[in-house]
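Structural description and commentary
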There are 2 protein chains.
Amino acid sequence: MPVEWKNLDLTESFSKLSPSSTSLRKDLTEERTKEWTIPAGAGLDFYYGASLVSDNVLQQLKALAEEQQLSEKYSMLLNGERINTGENRRVLHHLTRGQLGTDVTEDGVNLGTFYAEQKKRIAQFASKVHSGEIKGSTGKAFDTVVQIGIGGSDLGPRAMYLALRQVVETKLNALFVSNVDPDDAADVISLIDPERTLFILVSKSGTTQETLANRDLIIERMQAVAPSGYDASRHMVAVTSKTSPLAGSKQVLDSFYIDDYIGGRYSSTSAVGGVVLSLALGSNVFEDFLSGANEADAMAQESNPLKNAAMLDALIGVYNRNILGLPTTAVLPYSQALSRFPAHLQQLDMESNGKSVNRRGEAVNYPTGPIVFGEPGTNGQHSFYQLLHQGTDVVPLQFIGFRDSQTGEDVEVDGSTSQTKLKANLAAQIIAFAKGSAHENPNKNFDGQRPSSLLVADQLTPRVLGALLAHFENKVMFQGFCWNINSFDQEGVQLGKKLANAVLDGSAEDGALKAFAALLGVS
Amino acid sequence: MPVEWKNLDLTESFSKLSPSSTSLRKDLTEERTKEWTIPAGAGLDFYYGASLVSDNVLQQLKALAEEQQLSEKYSMLLNGERINTGENRRVLHHLTRGQLGTDVTEDGVNLGTFYAEQKKRIAQFASKVHSGEIKGSTGKAFDTVVQIGIGGSDLGPRAMYLALRQVVETKLNALFVSNVDPDDAADVISLIDPERTLFILVSKSGTTQETLANRDLIIERMQAVAPSGYDASRHMVAVTSKTSPLAGSKQVLDSFYIDDYIGGRYSSTSAVGGVVLSLALGSNVFEDFLSGANEADAMAQESNPLKNAAMLDALIGVYNRNILGLPTTAVLPYSQALSRFPAHLQQLDMESNGKSVNRRGEAVNYPTGPIVFGEPGTNGQHSFYQLLHQGTDVVPLQFIGFRDSQTGEDVEVDGSTSQTKLKANLAAQIIAFAKGSAHENPNKNFDGQRPSSLLVADQLTPRVLGALLAHFENKVMFQGFCWNINSFDQEGVQLGKKLANAVLDGSAEDGALKAFAALLGVS
C-alpha cells in the first residue's frame, strides 16, 4: 500500500475523536496506574494512566495511527527516503545509532558505514587524548574540552553531558560556548588553562555567524595569554560537513564529519554529540548512550500504538492539542542531572513542529506543535507549579523519574532519604494534579483533572538517557506525521538572520529596523 | 475616594476594549519606534511600539488603570495595608529597598527600620568575612559561599548573582543547592573546600523539607571529609523569620531575619538575596542593586500608565491575555548574564498570578496569569524561535537588551564585534516578528503581526538589574490588581506537600497514589 500524506482534519479517525468523559478522580485507580504502561526501551517505562483518555479514545487514536500510517512513514524514514520535503533531504539521525532500515547509499557511499566510521575515528581520537598520545601544543595533557556551537550543536550535547557527568567517571571537564554575546566566551575563558584546553568547533555549514565569531574571539584570547610556543591549531578540532569551508582546514588538529541528513536538533547521537561526549566521558559511555537510543528506535517500529510508547505519547499529545485545545506542555524531570533536558526538548519540539504549513507547503487550519517548557522537580514545585495547579489554563505534564539517584550519596532525615522524598513528591504531584482536593474555601480548592504521564527507570544511566532522548525524538516525529507537517526543516530562522545581516552591512531599509538598531547603539 | 476591588469583567473600561486594527507592518514606523517609549528607572527604557496596541487602545487601557485604581492600590500596599487577603498579611518587599509610603509599624516595631537594620548587620558580617576577621573553624579564610534554599530562596538570588558576577569584582565564589534530589548537593560538594566554605541556610518558616534535608546531607559530608577541628556551626548562617525554629539556633554562626511580609518570590532584595549577594559581590553592590529597584518602585507610583513603564507593561499584558486571547509570554534577554532571569520571572509571574479565584476567594471567569518561559538570545534564535515565527500560536515577546557587554572583551570578525552582532540580531528579530515577510512559497512566508516590547539600557549593572527586577515585580502586581486576584499567596503548592508527607509517613490512602509510590520504589 503506498502511503498517503493527509492533513489531520481530513482523516476519518480524527473526525470521530471527541473529548472523553474520563474523570481522573474516579477513573485513576490503582489498577489503571499499574496496567496502563508500555516499555520505552533500556528499562524505561511509560505510564499514561493519568492522561485524560479513555479506552474508547485509545481505540480511536489507534485508528488515527493506522489511517495516518505512522508506522509506514517511520519505515520510509528509516529506509532513507527524502522525508524532509522542504529541503529535499533524507532524515538519518536514527542511522547514527544503528541500522533499522535498508542500506542507505548515495554517490556510492553507504551512509550507515560513513556514520560508523566517524564514530570509530572519534573513539580513536578520544583514546589518544586520554592516553596522552595527543597533547596540547606546549606539551601538556588536555584536562578540559570546550564545545563552540549554537542551537543543536549546543543544547543537546550540553544537556547530555550534564545528565551523565555524575553517573560515570569523567575523563575531561566539558564547557560550552554558544551565545554571540561576548560575555559568554569571556566567562568560559576565565575558567580554563589555555595549554590544557581542547576546543571543538561545531557547525554543519561551517558558516554559523555566532560560532565563527566565538572561535575568533577565543583564539585571540588564548594567543594573548598562552606562553610562546602555543599553537591554536593544535587545540581545536572541527565537527562539520565534508562540503563546508571548515572541512580539512589547516587551522584544526582533525575534523569529524556529519552531513545534511542529520538535523541540528537531532544531532546529539552524531559526531556533534559524539566528540564532546567521548572526550569528556569516554567512547564506551557514548556507545552505551547510542545503544539505548537504538533500542528505543527499534521499539518505535511497532505499528500498534498501545504497544509503542513513543507513538502513544505522540497521539495523546495530539489529543491534548487538537481535541482538548491545550496549547502548552511542561516537561518535569525529577532529577537534577536533567536540568537542561527541558531546554533541549524545547528546541527539539518547537523547532520541529512549530509550523503552519503542511509538508507540501499548504497552510493547515489546525494547531500544530505546542509550547514546551520545564524545570526539574522539586524546584518547580516551589515555583511555577502554582499556576499548573490552580491557574485558569490546563497544562499537560510530562513527568520523568528514577528509582535511584546517580551518586548514591544520601542521608536519612526525619525517617526518609532525600531520594525517597524526591520520589514521594513525584508520586504526590501526579495525584494532586489528577484528583485535586475539594475545599469549602475556593482559594484552597483543587479541581484536579489535570493530565500527566510518567517516564520512569531505575537510574539515569547512559543507556536510559539514550532511550529517553530517542523517545522524545520519535514522539515529535510521529506528531509531525499526524499533523502532516515537515518536522525536519526550519525556515522560521531565516528572516531574522537576513535582517540582522542587513543591519550589519548597512543595507537595512526599513525605518523601524534602523531606529531599533540606532537606539541599541548600532549605527 | 475609598478603593473598590472589582473583577476585570465587571469594569466599564474592560467592556469597551476590543482588538485594535493595528497592522505592525504598516504602523510600526521609525517615528513610532522612537516615540513609544517610557523610562523604567536607572537608565532602563521601555519601548512598546512593537506591541499590538493603537492610540485608541492605549486610552482605553488608561481608563482601565483609573477604574481599577492601580495607583491607589499600589499606595495602599506601600503604606503597609494587608493587601495579601488570603493570608491576611502586608506586602512589604518594596520597603526592603527604601521607604515610599508611610511608616509601617507593628507591635511597636518600625518595619522599615527592621529591614534596614538587617541590611546593616549583613554588611557588617560580609565586611568581616572579606577582611578575614571571620574565618572558618580551622582558621582558613572563606573563599566560597553556598546558598541552601529552594523556590524564592534560590531562583531570584541565583539569577541575580549570575547577572552580576562578571560586571563587578567577585569577593567569594557563590554556589546554590536547591533540589531535594541528593545529586544536586553531591555536585556542589564535589566543587568546594569544606574549610573555606560558608553555607547560608535560607528558609522563612525554618521547616522547608528540601532545605533541611540538604542541610543535614551537607553537614554530614563536610564532617566526613573535613579535618578534625572542623565545626559545622561555624560554617553556616541562617536567613529566616524571628519566629522560626532556626532563629537564634546554636548550630549557626549568625542569623539574619526576614518576616511574613516578604514573599519568597519577592525576597531577592531582602536578607534572602542580601546575604549571598553581599558576601559574593560586596554590600556596596547589593546597595546599588537596591537603589535601582527603589528608583523603579518610585517611578511606578505615577498614576498615568502612559508615563509608568511597569503599569503600561502590565496593561498591555492584560490586553494580550484577555482581549487577544494569548495564553503565554516569552522573556528573551539578549545577555548571557541573564541566563536564569527567565526562570526567576517564570516563578515570579506564574506563582503570583496563576490563580482562578479573586482576592475574596470567588471564582473568576476570565483568564489570569500567562505561562512564562524564555532563554537568552541569540541562543533561542537557533532553537524555539521557529515556533515563535511560524507556529500556529502567537506568543507575545518581552525582549531585553544592552548597548554594552559586561566584560568588554570582544573581537571584530567580518567587520563587526560580537556585541554589535548581538544587538543587530535583537533589532532584526523585533522587526521580523512585527512585519514578517511575504514569500510565494508558504513555507518561507512570515505573516508577522507578532507583538513584542523591549527593555533596554546601556549596560547590565547592579542598578540596572535592580530596576529590571522591580519593573517585573511591579508589572505582576499591577496585573494582579487588574484581574482582582491576590498575587501574594500560593495555596496551590499545599496539596502536593500534604500528599508527599502522606506517602512518607505511610498514611496515604488513595490506591493510585500508593501504586505510583510503589512503582517508584517507595514502599
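Residues numbered from 1 in each chain as written. Chains lettered and ligands numbered in written order. Predicted model: local features only at pLDDT ≥ 70, side-chain atom pairs only at ≥ 80, totals over all residues.

Now for the overall build of chain A. A count of helices and strands for chain A gives 18 helices and 15 strands. Relative to a compact globule of 523 residues, whose C-alpha radius of gyration would be 24 Å, chain A shows 24 Å and is just as compact. Across its three principal axes, chain A shows a C-alpha extent of roughly 75 × 60 × 55 Å. The 523 residues of chain A split such that 63% are buried. Contacts in chain A between residues at least 24 apart in sequence constitute 74% of all its contacts with a sequence separation of at least 6. (Helix = DSSP H or I, 4+ residues; strand = E, 2+ residues; numbered from the N terminus. Rg over C-alpha atoms; globule rule 2.2 N^0.38 Å. Buried ≥ 20, exposed ≤ 12 C-beta atoms within 10 Å, placed from the backbone. Contact = placed C-beta atoms within 7 Å.)

The next point concerns the environment of lysine 475 of chain A. All names here are of chain A. By the secondary structure assignment, lysine 475 is in helix 16 (residues 462-483). When the 26 C-beta atoms within 10 Å are taken as the criterion, lysine 475 is described as buried. In this structure the C-alpha to C-alpha distance between lysine 475 and methionine 311, which are 164 residues apart in sequence, comes to 5.9 Å. Not counting residues within four places of it along the chain, the set of residues in contact with lysine 475 comprises Ala310, Asp313, Ala314 and Gly317.

Split by domain assignment, chain A resolves into domain 1 (97-289) and domain 2 (492-523). Using C-alpha coordinates to define each centre, domain 1 of chain A is positioned 32 Å away from domain 2 of chain A. (Domains from an automatic or database assignment.)

Under the 1.5 Å per step criterion, the end-to-end length of helix 13 (residues 341-353) of chain B is 18 Å for 13 residues, consistent within 8% with the ideal 18 Å. For helix 13 of chain B, the buried fraction is high: 13 of the 13 residues fall into the buried class. (Expected span 1.5 Å × (residues − 1).)

What follows deals with the sheet that holds strand 11 (residues 371-373) of chain B. Residue and element names in this part refer to chain B. Read from one edge to the other, the open sheet built from six strands follows the order 1-2-15-12-10-11, with strand pairing classed as mixed. Each edge of the sheet is formed by a strand with only one pairing partner; in this case those strands are strand 1 (37-41) and strand 11. Between one strand axis and the next, the sheet turns through 20° on average, direction left out of account. Here three bridges tie strand 2 (residues 44-47) to strand 15 (residues 452-457), and the two strands are oriented antiparallel to one another. Across the sheet, aspartate 45 pairs through a bridge with valine 456, a residue of strand 15. Relative to the sheet, helix 12 (residues 309-323) contacts strand 1, strand 2, strand 10 (328-333) and strand 15, its axis offset from that of strand 1 by approximately 120°. (Pairing = 2+ DSSP bridges. Axes fitted to C-alpha atoms, helices over the stretch in contact; angles between N-to-C directions.)

Where helix 17 (residues 494-504) of chain A meets helix 15 (residues 418-435) of chain B, the axes come as close as 8 Å, and the angle between the chain directions of the two elements is 125°. One element, helix 17 of chain A, and the other, helix 15 of chain B, form an angle in the oblique class. Regarding helix 17 of chain A and helix 15 of chain B, the two cross each other, and that crossing is right-handed. In contact with Leu495, Gly496, Leu499, Ala500, Val503 and Leu504 of chain A of helix 17 of chain A, helix 15 of chain B contributes Lys421, Ala424, Asn425, Ala427, Ala428, Gln429, Ile431 and Ala432 of chain B. By residue class, the composition of the contact of helix 17 of chain A with helix 15 of chain B is ten nonpolar, three polar and one charged. (Parallel < 35°, antiparallel > 145°, perpendicular 65-115°, else oblique. Left-handed = near helix turned anticlockwise from the far one by under 90°. Nonpolar A, V, L, I, M, F, W, Y, C, P; charged D, E, K, R; others polar.)

Placing chain A over chain B gives an RMSD of 0.0 Å and needs a rotation angle of 180°, together with 0.0 Å of translation along the axis. One copy is carried onto the other by what is essentially a two-fold rotation axis. Of every C-alpha in chain A, the one belonging to phenylalanine 373 of chain A sits nearest the axis of rotation, 3.3 Å from it. Looking at chain A, 99% of its interface residues are interface residues in chain B too, so the copies touch through the same face. (Least-squares fit on C-alpha atoms with pLDDT ≥ 70 in both.)

Contact geometry of helix 18 (residues 511-519) of chain A with helix 15 of chain B gives a least axis separation of 9 Å together with a crossing angle of 145°. Viewed along their axes, helix 18 of chain A and helix 15 of chain B form a crossing whose handedness is right-handed. Contacts between helix 18 of chain A and helix 15 of chain B pair Ala512, Leu513, Phe516 and Ala517 of chain A from the former with Ala424, Ala427, Ala428, Ile430 and Ile431 of chain B from the latter. Considered class by class, the residues forming the contact of helix 18 of chain A with helix 15 of chain B number nine nonpolar, no polar and no charged.

The next subject is the sheet that holds strand 11 (residues 371-373) of chain A. In sheet architecture, strand pairing relies on hydrogen bonds along the backbone and comes in two forms, parallel and antiparallel. All names here are of chain A. The mixed open sheet is built from six strands, whose spatial order is 1-2-15-12-10-11. The open sheet has two edge strands with one neighbour each: strand 1 (37-41) and strand 11. Between one strand and the next, the sheet's axes are offset by a mean angle of 20°, whatever the strand orientation. Across the face of the sheet, helix 12 (residues 309-323) comes into contact with strand 1, strand 2 (44-47), strand 10 (328-333) and strand 15 (452-457) while running at roughly 120° to strand 1.

Now for the interface of chain A and chain B. Facing the 121 residues of chain A at the interface are 120 residues of chain B. Sort the elements by how many residues they give to the side of chain A that touches chain B and helix 15 (residues 418-435) of chain A lands first, with 16 residues. Here the side of chain A that touches chain B is composed, by residue class, of 51 nonpolar, 46 polar and 24 charged.

This part covers helix 18 of chain A. Turning to helix 18 of chain A, its buried residues are Ala512, Leu513, Lys514, Ala515, Phe516 and Ala517 of chain A. Tucked inside the fold, the buried residues of helix 18 of chain A contact helix 17 of chain A together with helix 3 (30-35) and helix 15 of chain B. Two residues or fewer past helix 18 of chain A, glycine 521 of chain A is found with a positive phi of approximately 90°.

Residue and element names in this part refer to chain A. Within strand 8 (residues 236-241), five of the six residues are buried, leaving the element largely enclosed by the surrounding structure. In terms of strand pairing, strand 7 (residues 197-202) meets strand 8 through four bridges, oriented parallel. When the sheet's bridge partners are listed, isoleucine 200 is paired in strand 8 with valine 237. In this region the chain leaves strand 7, passes through helix 9 (residues 209-225) and returns to the parallel neighbour strand 8; the handedness of that crossover is right-handed. Pairing of strand 8 with strand 9 (residues 254-258) involves five bridges; the strand directions are parallel. If you follow serine 241 over to strand 9, its bridge partner there is isoleucine 258. (Right-handed = clockwise from strand over helix to strand, strands pointing away.)

So, about the environment of leucine 495 of chain B. Here leucine 495 of chain B lies in helix 17 (residues 494-504). Looking at leucine 495 of chain B, the number of C-beta atoms within 10 Å reads 24, which means it is buried. The spatial distance from the C-alpha of leucine 495 of chain B to the C-alpha of histidine 130 of chain B is 43 Å, given a sequence separation of 365 residues. Once you skip the residues sitting within four places of it in the chain, leucine 495 of chain B turns out to touch His389, Ala432, Ser437 and Phe446 of chain A.

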